[in-house]
Amino acid sequence: MAGPAHPHSMAPPKPGRTRAAPPQMPASWWNTSRMRTYLLFDATGIIYLLVGFVAIRMIRALAEGAGAWQAAMQSLENPIYIGFHLLSLISVIFVAVRFFRLFPKAQPPSIGPLKPPPGPVIHAALYAVWIGVTVVMSLALAGVIF
Amino acid sequence: MKTLLLKLEPLIWFMFGQGILIGTILLTGWILVVGVLMPLGIVDPANLDYTRAHELATASLFGVIPLGQLILAALLVLPLWKGAHHIRSLLVDFGGGERDGIVGGLLYLVAIVGSGMGIAAVVGL
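Calculation notes
- Residues numbered from 1 in each chain as written.
- Chains lettered and ligands numbered in written order.
- Predicted model: local features only at pLDDT ≥ 70, side-chain atom pairs only at ≥ 80, totals over all residues.
- Helix = DSSP H or I, 4+ residues; strand = E, 2+ residues; numbered from the N terminus.
- Rg over C-alpha atoms; globule rule 2.2 N^0.38 Å.
- Buried ≥ 20, exposed ≤ 12 C-beta atoms within 10 Å, placed from the backbone.
- Contact = placed C-beta atoms within 7 Å.
- Nonpolar A, V, L, I, M, F, W, Y, C, P; charged D, E, K, R; others polar.
- Expected span 1.5 Å × (residues − 1).
- Core = buried A, V, L, I, M, F, W, Y, C linked by C-beta atoms within 7 Å.
- Domains from an automatic or database assignment.
- pLDDT = per-residue confidence, 0-100.
- Axes fitted to C-alpha atoms, helices over the stretch in contact; angles between N-to-C directions.
- Left-handed = near helix turned anticlockwise from the far one by under 90°.

## A few points about the overall build of chain B
Here's step 1: When its secondary structure is counted, chain B shows 5 helices and 0 strands.
Here's step 2: Ordering the α and β elements of chain B from the N terminus gives α-α-α-α-α.
Here's step 3: In terms of overall size, chain B is more extended than a compact globule, its C-alpha atoms giving a radius of gyration of 17 Å where 125 residues would be expected to give roughly 14 Å.
Here's step 4: Dimensions of chain B, computed from C-alpha atoms along their principal axes, come out at roughly 50 × 35 × 20 Å.
Here's step 5: Within chain B, buried positions represent 38% of all 125 residues.
Here's step 6: Excluding contacts between residues fewer than 6 apart, the proportion of contacts in chain B whose partners are at least 24 apart in sequence is 71%.

Dropping the structure here:
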């Protein structure tokens, strides 16, 4: 009868000295291009957290009334806010491009009897949804549609 | 704390995954228009005055589904979880995993509080 796997089932009966050298982190680990891109991807989390709270502030102002909304919109004209939002826009585009490239690779080979579509199809679909939603949302917010 | 985070990992990963996918898709247009084009005067801010902004935010589909509020809730809540989880990951990379339990717990607490604030703001529209 099969039992549940034990994580230490393959360990030697007596702990001994490993023949492999212990892993060491190179001093410049953060400076290699792959690591730098990976760290930048993680660092966009700071931007997402801040931009989320700025958006919450805007909607709280909208819930408060016309005066608060007007003041909140005017506050976004501060150069610090404009710079932050430009950085946010770059971050969001960077996350989208990197994540959409990784997404097809992260799909399981099958889910039950179903197989996911080929990678390029998933990749193209993600771009289509992203660009489509961005265009519709931008036109709606800018007063062109709806 | 670390044990609790491990137990909650499926939920944390779900919110993080939605944050990185749906959050990114929704944030792009919002930041572009509200954060950049309107403050720079490229798009007239009068096009998103209080009346119109409120109409958009409370728009419903077939008079039943509160589409505007659902989109706003996702826009406000999901990026917080992407942010919290990636900051946690960044701090593990630079500072090691010894304090991961308390740091991760604090970051997710910020995301939970922010999510509550965001949902309350959307419900209050």
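## Digging into the interface of chain A and chain B
A common measure of how large an interface is: the accessible area buried when the components associate.
Here's step 1: Across the boundary between the two partners, chain A contributes 44 residues, which contact 48 residues of chain B.
Here's step 2: Breaking the side of chain A that touches chain B down by element, the ones donating at least two residues are helix H1 (33-64), helix H2 (66-75), helix H3 (79-102) and helix H4 (119-141) of chain A.
Here's step 3: Take the side of chain A that touches chain B: its biggest share by element is 17 residues, from H1 of chain A.
Here's step 4: Residues belonging to the side of chain A that touches chain B are distributed by class as follows: 32 nonpolar, 9 polar and 3 charged.

## Notes on helix H5 (residues 100-123) of chain B
Here's step 1: Over its 24 residues, H5 of chain B runs 34 Å from end to end, which matches the ideal 34 Å to within 8%, given 1.5 Å per residue.
Here's step 2: Structurally, H5 of chain B contributes buried residues whose contacts are with H1 of chain A together with helix H1 (2-7), helix H2 (9-37) and helix H4 (67-95) of chain B.

## Quick look at the nonpolar core
Here's step 1: Among the nonpolar cores identified, the biggest contains 51 residues, and Ala55 and Ile59 of chain A together with Trp30, Val33, Leu76 and Ala84 of chain B are the most heavily contacted of them.
Here's step 2: Within the residue set of this core, elements represented by two or more residues are H1, H2, H3 and H4 of chain A together with H2, H4 and H5 of chain B.
Here's step 3: Ranked by residues supplied to this core, first place goes to H2 of chain B with 12 residues.
Here's step 4: When residues are assigned to domains, this core turns out to be shared by domain 1 (32-92) and domain 2 (107-146) of chain A, each giving three or more.

## Notes on the confidence of the model for chain B
Here's step 1: A residue-level look at chain B finds 100% of positions with pLDDT of 70 or above and a mean pLDDT of 95.
Here's step 2: With a pTM of 0.88, the predicted complex shows an ipTM of 0.95.

## A few points about the packing of H1 of chain A against H4 of chain B
Here's step 1: At a minimum axis distance of 7 Å, the contact between H1 of chain A and H4 of chain B shows a crossing angle of 145 degrees. At the point where H1 of chain A passes H4 of chain B, the crossing takes the left-handed sense.
Here's step 2: Its residues assigned to classes, the contact of H1 of chain A with H4 of chain B shows 17 nonpolar, 7 polar and 3 charged.

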